[in-house]
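Take a look at the letters that make up each chain.
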Amino acid sequence: MKKLWNILLILIGIGSLLLIAFTIFVATALGKRGGNTEYTSTEYLISEKQNPKSELILTDTIPQRKMDYELYFSEFGGRMDNLPVEIKITGNKIIVYNNEKNPLTGGKILIEGILLKHKTGKWIIGETENDQNAEEIGGCSGGPTPIDFETKIIEWC
């Protein structure tokens, strides 16, 4: 009888190990998306705090460096010249710096936020991940600020 219990316990142990190995294999296979570790514009790795300094990471078509852009003043509908500004993008974090030659009021930094793809498909500068679902963007709506990487224009109010 003692031998039977020993054999039964060994079989249960081996069965448990096989079940654990199978579970790990399935979880790994489902979690890796076929081994591709790049993220699209709608897949995020988000820290618990949602603010402009959050660690939201996007690897889509976001340029990474300091660049010259222009602010388009939407309240004037093109009746005012665009203002050149310098931006710095690191990951999905963006800082828009005031133009030193022709500065606006408000200090050295005009906008600081995170780059998100809005539900409309446009890129925006938001404060939290929830801004990607904002009802209104751009203009003087009070919503997130649109940014166009191709034309290098930020719609500002």
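This text gives an overview of the structure that appears in the document.

Conventions used here
Residues numbered from 1 in each chain as written. Predicted model: local features only at pLDDT ≥ 70, side-chain atom pairs only at ≥ 80, totals over all residues. Heavy atoms only, no water. Helix = DSSP H or I, 4+ residues; strand = E, 2+ residues; numbered from the N terminus. Contact = heavy atoms within 4.5 Å. Areas by Shrake-Rupley, 256 points an atom, 1.4 Å probe, with all protein chains shown as cover. Disulfide = S-S within 2.5 Å. Buried < 20%, exposed > 50% of the residue type's maximum accessible area, 1.4 Å probe, protein only. Pairing = 2+ DSSP bridges. Salt bridge = Lys/Arg side-chain N within 4 Å of Asp/Glu carboxyl O. Core = buried A, V, L, I, M, F, W, Y, C linked by side-chain atoms within 4.5 Å. Phe/Tyr/Trp six-rings, centres within 6.5 Å; stacked < 30°, edge-to-face > 60°.

1. Some thoughts on the overall build of the chain
For step 1, the next point in the chain: The helix and strand tally for the chain stands at 1 helix and 7 strands.
For step 2, the next point in the chain: The secondary structure elements of the chain, listed N-terminal to C-terminal, are α-β-β-β-β-β-β-β.
For step 3, the next point in the chain: Put simply, of all contacts in the chain between residues at least 6 apart along the chain, 38% involve residues at least 24 apart.
For step 4, the next point in the chain: Approximately 10,700 Å² of the chain is accessible, and the part contributed by carbon and sulfur atoms is 58%.

2. Here's the deal with the state of the cysteines
For step 1, the next point in the chain: Under the criterion given, the structure shown has 1 disulfide.
For step 2, the next point in the chain: Paired by a disulfide, C140 and C157 hold their sulfur atoms 1.8 Å apart. Because the sign of the S-S torsion sets the handedness, a value of about 100° for the bond joining C140 and C157 places this disulfide among the right-handed ones. Here C140, found in the loop between β5 (123-126) and β6 (145-148), pairs with C157, found in the segment after β7 (153-156); they are 17 residues apart in sequence, far enough to count as distant.
For step 3, the next point in the chain: By relative accessible area, which is 43% here, C157 ends up partly exposed.

3. Some words on the pairing of strand β1 (residues 66-73)
For step 1, the next point in the chain: Side chains M67, Y69, L71 and F73 project from β1 onto a buried face, and the interleaved K66, D68, E70 and Y72 project onto a face without burial.
For step 2, the next point in the chain: Examined bridge by bridge, β1 and strand β2 (residues 83-90) share 6 bridges and lie antiparallel to one another. Each bridged residue has a counterpart across the sheet, and for Y69 the counterpart in β2 is V85.

4. A word on the pattern of salt bridges
Side-chain pairs of opposite charge can arise whenever the charged atoms involved come near each other.
For step 1, the next point in the chain: Inspection of the entire model under this criterion finds 1 salt bridge.
For step 2, the next point in the chain: Here K119 ties to E135 by a salt bridge, and the two come within 3.4 Å at their closest N and O atoms. Residue K119 is found in the loop between β4 (109-117) and β5, and its partner E135 is found in the loop between β5 and β6; the two are separated by 16 residues along the sequence.
For step 3, the next point in the chain: For K119, a relative accessible area of 49% puts it in the partly exposed group.
For step 4, the next point in the chain: Judged by relative accessible area, E135 falls into the exposed class, the value being 71%.

5. Some words on the nonpolar core
For step 1, the next point in the chain: Grouped together as the largest cluster of nonpolar side chains are 20 residues, with contacts concentrated most on I87, V96, L115, I147 and I154.
For step 2, the next point in the chain: Within the residue set of this core, elements represented by two or more residues are β1, β2, β3 (93-97), β4, β5 and β7.
For step 3, the next point in the chain: Dropping the residues within four chain positions of it, I87 is found in contact with R65, K66, M67, Y69, I94, I95, V96, I147 and I154.

6. Brief notes about the pairing of β2
For step 1, the next point in the chain: In β2, alternate side chains face the same way, and those of L83, V85, I87 and I89 are buried while those of P84, E86, K88 and T90 on the opposite face are not.
For step 2, the next point in the chain: Pairing geometry for β2 and β3, over 5 bridges, is antiparallel. Paired with I87 across the two strands is V96, which belongs to β3.
For step 3, the next point in the chain: Hairpin connection, β2 to β3: the antiparallel pair is bridged by 2 residues, and G91 has positive phi, about 70°.

7. Observations concerning the packing of aromatic side chains
For step 1, the next point in the chain: The final tally for this structure, using the stated rule, is 1 aromatic pair.
For step 2, the next point in the chain: On the basis of an interplanar angle of 55° and a centroid distance of 5.6 Å, the ring pair of W123 and F149 is categorised as tilted. Note that W123 is positioned in strand β5 and F149 in the loop between β6 and β7, a separation of 26 residues in sequence. Exposure class is identical for W123 and F149. Each is buried.

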